[in-house]
Amino acid sequence: MRTFLAPMEGVIDYEMRDILTQRGGYHRCVTEFIRVNNQVLPEKVFLRFSPELNHGGMTSHGIPVYLQLLGGNPKFMGLNAARAQTLEPPGIDINFGCPSKTVTRNEGGSALLKEPARIGDIVTAVRDSVDPKIPVTAKIRLGFSSHDYLDEVADRIVSGGATELCIHARTREDRYKPPAYWSAVRQVADRISIPVIINGEIWSAEDAIQAQKQSGCNDIMLGRGALTCPDIAARIEAEHTGRNYEMISWGETLDIVIRYLNNSSNKHPRFTSNRLKQWLVFLQRHYPQAEALFQRVKRLKNRDEVFEQIGKYQKNPNPQPE
Ligand SMILES: Cc1cc2nc3c(=O)[nH]c(=O)nc-3n(C[C@H](O)[C@H](O)[C@H](O)COP(=O)(O)O)c2cc1C
């Protein structure tokens, strides 16, 4: 069994990948999507999305980071994959799942799930543009509004030469609404010749087992669950191998959050407050203690004020009202 950290635009960046993979359990990460229009992107764009390319495409803990490309034009997807290849990424992933309106309007992401032939052309173009040693993977949803094209999409991805296929077990119309239909992935996982990775609504080690059982997939990908529980992959690994594992406490989790905010190279004035609030919302699902800190920082914008409040919270998480 392998566990992958999902691509999440605006959430799982370089520093987040680094911090989440430190506790073990992950076997691969994927960058936020890199949008490909009708031009060949300069190397600096790929390096911005994956600073890991300066270190062999690995996180500081040696976990490979695949570059994710999103676009609807096979020729330019191929040309950009060839450009990316010069930086020696450990793999290239193609996004056919993004539900965003701006992306689908420009014929990228999940809009392509209605066009299996074009998906096949894109995978073939990317595959043929890079060294056969570089894995090319694809990430899809079950469909756009139905599962009607699922089998054909999967077959085109295989015949295009992809090495693995990740399926987010929902349609584009389902967006992120629970449940995820893990069992709907089985028709593909049992049939095609490449590994299929199950993704969607895996929030715990128990969910991981259920998702594997229902989908017939060995490998899983974690998105929001990874933010809710920064050591979820280590927990899943321990459950899988029968090893004892002590879950990290809220205090240790908060230290991880602080380290992330300190390590970030993003200089936007609101970055610290926005990312902290965003992460605390995820963390509340697992750690109710995150709510009190969220209440303290929810109106703050400035980095210094945010750190001041975190310091106060650490000294006294639940002050009595005066
Ligand atoms: C804020 C956000 C950003 C995302 N960005 C990407 C992306 O850049 N590329 C991609 O393939 N999927 C993206 N996804 C989808 C996730 O990779 C994943 O498929 C989805 O969240 C379901 O998994 P989960 O239930 O474990 O979160 C994003 C999801 C969210 C919530």
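Residues numbered from 1 in each chain as written. Predicted model: local features only at pLDDT ≥ 70, side-chain atom pairs only at ≥ 80, totals over all residues. Heavy atoms only, no water.

### Some remarks on the overall build of the chain
Consideration 1: The secondary structure content of the chain amounts to 14 helices and eight strands.
Consideration 2: Since a compact globule built from 322 residues should have a radius of gyration of about 20 Å, the 20 Å found for the chain is in line with a globular shape.
Consideration 3: Among the 322 residues that make up the chain, the fraction classed as buried is 55%.
Consideration 4: Here the contacts in the chain between residues at least 6 apart in sequence split such that 69% fall between residues at least 24 apart.
Consideration 5: Carbon and sulfur atoms make up 48% of the accessible area of the chain, which totals about 14,300 Å².
Consideration 6: In the chain, 41 positive and 37 negative side-chain charges are present, and the distance between their average locations comes to 5 Å. (Helix = DSSP H or I, 4+ residues; strand = E, 2+ residues; numbered from the N terminus. Rg over C-alpha atoms; globule rule 2.2 N^0.38 Å. Buried < 20%, exposed > 50% of the residue type's maximum accessible area, 1.4 Å probe, protein only. Contact = heavy atoms within 4.5 Å. Areas by Shrake-Rupley, 256 points an atom, 1.4 Å probe, with all protein chains shown as cover. Lys, Arg positive; Asp, Glu negative; His and termini not counted. Charge placed at Lys NZ, Arg CZ, Asp CG, Glu CD.)

### Side note on the sheet that holds strand E3 (residues 65-70)
Consideration 1: Pairing is parallel around the closed barrel formed by eight strands, whose spatial order is E1-E2-E3-E4-E5-E6-E7-E8. Taking each pair of neighbouring strands and ignoring which way they run, the sheet shows an average axis angle of 30 degrees.
Consideration 2: Across the sheet, helix H3 (residues 74-85) lies against E3 and strand E4 (92-96), angled at about 155 degrees from E3, the strand it touches most.
Consideration 3: Its contacts with the sheet put helix H5 (residues 116-129) on E4 and strand E5 (136-143), and the angle it makes with E4 is roughly 165 degrees. (Pairing = 2+ DSSP bridges. Axes fitted to C-alpha atoms, helices over the stretch in contact; angles between N-to-C directions.)

### Let's talk about the pattern of salt bridges
Consideration 1: Counted under the stated rule, the structure contains 16 salt bridges.
Consideration 2: A salt bridge links Glu 164 to Arg 2; its shortest N-O distance comes to 2.7 Å. Taken together, the positions of Glu 164 in strand E6 (residues 164-171) and Arg 2 in the segment before strand E1 (3-5) put the pair 162 residues apart, joining distant regions of the chain.
Consideration 3: When its relative accessible area of 26% is taken as the criterion, Arg 2 is described as partly exposed.
Consideration 4: Arg 235 is the partner of Asp 231 in a salt bridge, and the nearest nitrogen-oxygen pair spans 3.0 Å. Grouping residues by exposure puts Asp 231 and Arg 235 together as buried.
Consideration 5: Taken together, the salt bridges that share partners define one network made up of Arg 2, Arg 28, Glu 164 and Asp 219. (Salt bridge = Lys/Arg side-chain N within 4 Å of Asp/Glu carboxyl O.)

### So, the domain arrangement of the chain
Consideration 1: On domain assignment, one finds that the chain holds domain 1 (3-241) and domain 2 (250-315).
Consideration 2: Here the C-alpha centroids of domain 1 and domain 2 sit 28 Å apart.
Consideration 3: If you look at the interface, domain 1 gives 17 residues, while domain 2 gives 16 residues.
Consideration 4: The largest share of the area that domain 1 buries against domain 2 comes from Glu 15, Ile 19 and Thr 228, three residues that together contribute 34% of it.
Consideration 5: Connecting domain 1 to domain 2 are one salt bridge.
Consideration 6: A salt bridge links Asp 13 to Arg 275, with the nearest nitrogen and oxygen atoms 3.0 Å apart.
Consideration 7: Connecting domain 1 to domain 2 are eight residue pairs in polar contact (both at pLDDT 80 or more).
Consideration 8: At the level of elements, helix H1 (14-21) and helix H9 (224-228) are the ones that each hand at least two residues to the side of domain 1 that touches domain 2.
Consideration 9: Considering each element in turn, the side of domain 1 that touches domain 2 owes the most residues, four residues, to H1.
Consideration 10: By residue class, the composition of the side of domain 1 that touches domain 2 is nine nonpolar, three polar and five charged. (Domains from an automatic or database assignment. Buried area = accessible area lost by both parts, 1.4 Å probe. Polar contact = N/O pair within 3.5 Å; in protein donor to acceptor, adjacent residues only side chain to side chain. Nonpolar A, V, L, I, M, F, W, Y, C, P; charged D, E, K, R; others polar.)

### Structural notes on the side chain of Glu 201
Consideration 1: Structurally, the position occupied by Glu 201 is in the loop between strand E7 (196-199) and helix H8 (205-215).
Consideration 2: Judged by relative accessible area, Glu 201 falls into the buried class, the value being 12%.
Consideration 3: Here the side chain of Glu 201 touches Arg 170 through a polar contact of 2.8 Å, side chain to side chain.
Consideration 4: A polar atom in the side chain of Glu 201 sits 3.0 Å from the side chain of Arg 224.
Consideration 5: Ignoring anything within four residues of it in the chain, the contact list for Glu 201 reads Arg 170, Tyr 176, Pro 178, Pro 179, Ala 180, Trp 182, Asp 207 and Arg 224.

### Side note on the pairing of strand E2 (residues 28-35)
Side-chain positions along a regular strand alternate between the two faces of the sheet.
Consideration 1: In terms of burial, E2 is a largely internal element, seven of the eight residues being buried.
Consideration 2: The sheet contact formed by E1 and E2 spans two bridges and is parallel. Opposite Phe 4, over in E2, you have Arg 28 as the bridge partner.
Consideration 3: Pairing of E2 with E3, which is carried by five bridges, proceeds in the parallel orientation. Looking at E3, one finds that Cys 29 is bridged to Val 65.
Consideration 4: Taking the sense of rotation as the criterion, the β-α-β connection linking E2, helix H2 (residues 43-49) and E3 turns out right-handed. (Right-handed = clockwise from strand over helix to strand, strands pointing away.)

### Concerning the state of the cysteines
Consideration 1: Taken as a whole and assessed by the stated rule, the structure comprises zero disulfides.
Consideration 2: We note that Cys 29 lacks a disulfide partner, and the nearest cysteine sulfur, in Cys 166, lies 13 Å from it.
Consideration 3: No disulfide involves Cys 229; its nearest neighbouring cysteine sulfur is the one of Cys 29, lying 17 Å away.
Consideration 4: Of the residues examined, Cys 229 reaches a relative accessible area of 1% and is grouped as buried. (Disulfide = S-S within 2.5 Å.)

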